[in-house]
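The primary structure of each chain is shown beneath.
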Amino acid sequence: MSDPDGAGPAGSRDGGGLPAVTDVVVVGAGITGAAVAHHLARRGASVVVLEQAPRPGAGATGPSGGMVRAYDPDPATAALALAGLAVYRDPAQWASGRAPLRAVGAVTVADPAEEASLRAAAGRINTALGTSAHVVAGPAEAAGVRLAGGVALVEPEAGFVTPAEVTADWLEQARADGAVVRCGVRVRAVEARGGHPVVVTDAGTVRAGAVVSAVGPWAADPVPGLRPAVPVRSRSIQVSIVGRRPDAPAHATFVDLRTGLYAKPVAADRTLIGMPHLVWDAPVDARPDPAHARATLAALTPHFPWLATAPHLDTLRAADAYGPPAEDGGPASGLLTGTGVPRVWAVRGWNGGGVKTAPEAGRRIAAALLADPGGAAHGTGPGDARPGGAGSTTCPGTGP
Ligand SMILES: Cc1cc2nc3c(=O)[nH]c(=O)nc-3n(C[C@H](O)[C@H](O)[C@H](O)COP(=O)(O)OP(=O)(O)OC[C@H]3O[C@@H](n4cnc5c(N)ncnc54)[C@H](O)[C@@H]3O)c2cc1C
């Protein structure tokens, strides 16, 4: 197409290896950016994914516990999570040909007053997914988890995924559908030029029909042009890995809605444990807090008595983006918010739960962008070129 900036069509390369023009630039190759890019490319949009780190999943996604279950007390999140679990269970959805879900089961513990609503949720989940979710109200234990006075919704068909693997699979699918995936390319600014957003990187510029910012906790302190209209804050998430000796029982993933405590089996001999770490606005790479790690171990011991003698192996600290759903009228209502730049959208904060919702959030965001008469595929003009066939990638683990 004719390009007022003098750049070539999508598929051509400037000195930094980026197309000059594309339908959509996705900033950030965490699980959210990968999901959005996969669904956009599958629907025929030309897509460029830009990730500042040398590999995908370098933000919240890499250290994430990846626990997935259909239940959530918030109805909007529950709808995303239920659809997400269906995708994580389905081998046909993955380039690898394998479903990423490790179905170790999921136990959600709540106050006994919630029993009726948990039973109703179990019914909805089973109707939608054909699963065997049920409520445990009498016994003191379910699937290897002591309930400590609570009632439990048990989802035997839920469990966990490895978020970095999911991210790589979606990026590989996007590349196979024509996307250009670049790691080690930092977005420095997004500007409005000639009616289109132009993404300025340290490897050149890309003019886009639309831009999706999926920069996770970096959205709290964004580069120019990517400031979400609905503010996002960064909140710390810290987890520890402990050894599980052979005499300790196997267990499902676990979340206690009363306390926010959680755990998951990482392998046959180790378990991840976590407790809310209410530290806001700290640097994304802040160091682990040993006092919080000790408090986490003590708080979880009533649920897993074997923790009292379990060896501590490691503590990891990262952060996620926290914020309310977007309500400013952007496409994919509740999932995208505007920024200071026309046709530039930011994803909402996922509040520590972005893995279980990513499959459906990515699908909805892509569908909304492509339906938006003002942006995305409609943005770069009728002569806009698409790379023929497969795209290309510089991100490890996302190529053929
Ligand atoms: C320890 C931990 C445990 C968790 N456990 C669970 C769980 O069990 N279940 C669950 O559902 N969720 C969980 N979460 C939350 C979930 O992992 C996150 O919500 C999700 O990974 C967020 O993904 P994202 O792609 O939005 O952000 P990120 O993974 O942070 O990705 C953002 C990417 O953008 C890149 N980037 C930033 N700025 C730029 C720029 N200027 N230019 C180019 N690239 C840029 C970053 O390098 C990063 O790779 C957990 C999170 C953590 C940290």
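Parameters at a glance
Residues numbered from 1 in each chain as written. Predicted model: local features only at pLDDT ≥ 70, side-chain atom pairs only at ≥ 80, totals over all residues. Heavy atoms only, no water. UniProt positions renumbered as here; feature names shortened; annotations may be inferred. Helix = DSSP H or I, 4+ residues; strand = E, 2+ residues; numbered from the N terminus. Near = heavy atom within 4 Å. Polar contact = N/O pair within 3.5 Å; in protein donor to acceptor, adjacent residues only side chain to side chain. Areas by Shrake-Rupley, 256 points an atom, 1.4 Å probe, with all protein chains shown as cover. Pairing = 2+ DSSP bridges. Axes fitted to C-alpha atoms, helices over the stretch in contact; angles between N-to-C directions. Contact = heavy atoms within 4.5 Å. Buried < 20%, exposed > 50% of the residue type's maximum accessible area, 1.4 Å probe, protein only. Core = buried A, V, L, I, M, F, W, Y, C linked by side-chain atoms within 4.5 Å. Expected span 1.5 Å × (residues − 1). Arc of directions from axis to C-beta. Phe/Tyr/Trp six-rings, centres within 6.5 Å; stacked < 30°, edge-to-face > 60°. Parallel < 35°, antiparallel > 145°, perpendicular 65-115°, else oblique. Left-handed = near helix turned anticlockwise from the far one by under 90°. Nonpolar A, V, L, I, M, F, W, Y, C, P; charged D, E, K, R; others polar.

The protein is annotated in an unreviewed UniProt entry as FAD dependent oxidoreductase domain-containing protein of Streptomyces hydrogenans.

## Topic: the UniProt feature "domain: FAD dependent oxidoreductase" (unreviewed entry) in the protein
Taking the numbering used here, the UniProt-annotated feature "domain: FAD dependent oxidoreductase" (unreviewed entry) corresponds to residues 23–367. With 23% helix and 30% strand, residues 23–367 has its two end C-alpha atoms placed 14 Å apart.

## Some remarks on the site of the ligand
Close to the ligand lie 35 residues; Thr 32, Glu 51, Thr 61, Met 67 and Asp 320 are nearest. In this structure, an oxygen atom belonging to the ligand sits 2.8 Å away from a main-chain N or O atom of Met 67. The contact in question runs from a nitrogen atom of the ligand to an N or O atom on the backbone of Gly 352, over 3.2 Å. For the ligand, whose accessible area on its own is 1,000 Å², the fraction buried by protein is 97%. Secondary structure elements with two or more residues in the shell around the ligand: helix H1 (31–42), strand E2 (47–51), strand E18 (312–322) and helix H6 (354–371). Per-element tally for the shell around the ligand: the top contributor is H6, with three residues.

## A closer look at the sheet that holds strand E14 (residues 233–243)
Spatial strand order, E5-E8-E4-E15-E16-E17-E14-E18: eight strands in an open sheet with mixed pairing. The sheet terminates laterally at strand E5 (134–136) and E18, the two strands that pair on one side only. For this sheet, the mean angle separating the axes of adjacent strands, direction not counted, is 20 degrees. Note that E14 and strand E17 (residues 270–274) share five bridges and pair antiparallel. In the strand pairing of E17, Gly 243 is matched with Arg 270. The strands touched by helix H3 (residues 115–129) within the sheet are strand E4 (106–110), E5 and strand E8 (151–155), with E8 carrying the most contacts at an inclination of about 5 degrees. Strand contacts of helix H5 (residues 290–300): E14, strand E15 (253–256), strand E16 (262–267), E17 and E18, with the helix running at about 105 degrees to E17, the strand carrying the most contacts.

## Topic: the side chain of Thr 296
For Thr 296, the position within the fold is in helix H5. A relative accessible area of 2% places Thr 296 in the buried class. A distance of 2.7 Å separates a polar side-chain atom of Thr 296 from the backbone oxygen of His 292. In this view, Thr 296 contacts Ile 273, Gly 274 and Met 275; residues no more than four positions away in its chain are not counted.

## Things to note about the nonpolar core
Grouped together as the largest cluster of nonpolar side chains are 59 residues, with contacts concentrated most on Leu 40, Val 47, Tyr 88 and Trp 170. The greatest single-element share of this core, amounting to eight residues, is contributed by H6. Among all residues touching Leu 40, those that are not within four sequence positions of it are Val 24, Val 26, Ala 45, Val 47, Ala 366, Leu 369 and Leu 370. The next biggest cluster of nonpolar side chains, apart from the first, holds 22 residues, and it includes Val 27, Val 48, Val 199 and Ala 208.

## Remarks on H3
Its 15 residues give H3 an end-to-end C-alpha distance of 21 Å, which sits within 8% of 21 Å, the value for a rise of 1.5 Å per residue. Within the span of H3, buried status applies to Leu 118, Ala 121, Ala 122, Ile 125 and Leu 129. Seen end-on, H3 carries its buried residues on one side only, within an arc spanning 105 degrees. Opposite the packed face of H3, turned more than 90 degrees from it, sit the exposed residues Ala 116, Arg 124 and Thr 127. Buried residues in H3 make contact with helix H2 (75–88), E4, E5 and E8.

## A short note on the packing of aromatic side chains
Inspection of every chain in the model, using the stated rule, returns six aromatic pairs. Among the aromatic side chains, those forming a connected cluster through ring pairs are Tyr 88, Trp 94 and Trp 170.

## Details of the packing of H1 against H6
One can describe the packing of H1 onto H6 by two numbers: an axis separation of 8 Å at closest approach and a directional angle of 40 degrees. By the angle between their directions, the pair H1 and H6 is classed as oblique. Our pair here, H1 against H6, has a crossing hand that is right-handed. Between H1 and H6, the residues in contact are Ile 31, Ala 35, Val 36, His 39 and Leu 40 and Gly 354, Val 355, Ala 358, Pro 359, Gly 362, Arg 363, Ile 365, Ala 366, Leu 369 and Leu 370, respectively. Of the residues belonging to the contact of H1 with H6, the class tally is eleven nonpolar, three polar and one charged.

## Here's the deal with helix H4 (residues 163–176)
With 14 residues, H4 extends 20 Å between its outermost C-alpha atoms, agreeing within 8% with the 20 Å of an ideal straight helix rising 1.5 Å per residue. Most of H4 sits out of view: eleven of its 14 residues are buried. Among all positions of H4, only Pro 163, Val 166, Thr 167, Ala 168, Asp 169, Trp 170, Leu 171, Glu 172, Gln 173, Ala 174 and Arg 175 are buried. Its buried side turned inward, H4 meets H1, E2, H2, strand E10 (180–183), H6 and strand E21 (392–393). Looking one or two residues beyond H4, the residue adopting positive phi is Gly 178, at roughly 110 degrees.

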